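Read off the chains here:
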Amino acid sequence: SPDPILAALKSADARTRREAIVSLTRLGNVAHASALAPLLGDADPIVAHTAMQAMRRLDDGKISFSVIDDAGASPAQQAGAFHVLSVSHRTSVVDGLLARLAKTTDSSRRKPLLIALCRLSAVENPDWKGGSWGTRPDSRGPYFSLSEWSETKRINAALLAALSAAEAEEAKFLSAEFARHRIKPGDATAKLVKLAKTDASLVPTLAKQFAQQSE
């Protein structure tokens, strides 16, 4: 019976909560993902991180979406849920993120949605066999060798549309995220150059983006 483990999730002892998360994950029952969701915002960072890793294995996105849609969830809990979604390469997750982005106008709510979509725009290249990085290791992350997956084109199209329609603040934010995730700004480049003429703080980000392009 999982009952003793589920009860241990509410223990006052952080180590007990962590071990309960590990044990519940090893049972492999996806129905237990909802019991782990509150621990995404645990006061102990190790417990919260362990809960996030467990949710990556057990949650198909539904529980994480319920957390970010819950106005009563703590900021830490919602941040953990967004992190789970940002590494869940599922069509249903992309659908959910795009649907929420289309309905959201608040800047603080749009940013984590945009970050998650940027993170999902690529996967690690399955053909990379772990060869040497050479004398200058690539520490950019989150993937060493980027590769497209079935939703890459749809995600990038949505991100470029958001960038093209964005006001100055969001355009600046998106430009930085594009550079961080190695997403090419495409047709929105001219807009970013125009913004950089009036906002010099955008110049370093633009230079980084251009440095990553072949032409």
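Residues numbered from 1 in each chain as written. Predicted model: local features only at pLDDT ≥ 70, side-chain atom pairs only at ≥ 80, totals over all residues. Heavy atoms only, no water.

**Some points on the environment of Ala116**
And step 1. In this structure, Ala116 sits in helix 8 (residues 107-120).
And step 2. Along the backbone, Ala116 and Val84 are 32 residues apart, and their C-alpha atoms lie at a distance of 9.1 Å. (Helix = DSSP H or I, 4+ residues; strand = E, 2+ residues; numbered from the N terminus.)

**Topic: the nonpolar core**
And step 1. Formed by 54 residues in total, the largest nonpolar core has its most connected members in Ile21, Leu36, Leu97 and Leu159.
And step 2. What Ile21 contacts, discounting residues up to four positions off in sequence, is Leu9, Leu36, Leu39, Val47, Thr50, Ala51 and Ala54. (Core = buried A, V, L, I, M, F, W, Y, C linked by side-chain atoms within 4.5 Å. Buried < 20%, exposed > 50% of the residue type's maximum accessible area, 1.4 Å probe, protein only. Contact = heavy atoms within 4.5 Å.)

**Describing the layout of surface pockets**
And step 1. Roughly 370 Å³ of internal volume is contained in the largest pocket.
And step 2. Looking at the largest pocket, it is lined by 18 residues, and the ones nearest its centre are Leu146, Asn156, Arg182, Ile183 and Lys184.
And step 3. Residue assignment for the lining of the largest pocket shows that the elements contributing at least two residues are strand 2 (146-147), helix 9 (152-165) and helix 10 (168-181).
And step 4. With three residues, the single largest contributor to the lining of the largest pocket is helix 10. (1 Å grid on protein atoms, 1.4 Å probe; cavity = no way out; pocket = protein on both sides within 12 Å on 5 of 7 lines; lining within 4 Å. Points joined across faces, edges and corners; volume = space filled by probe spheres on them.)

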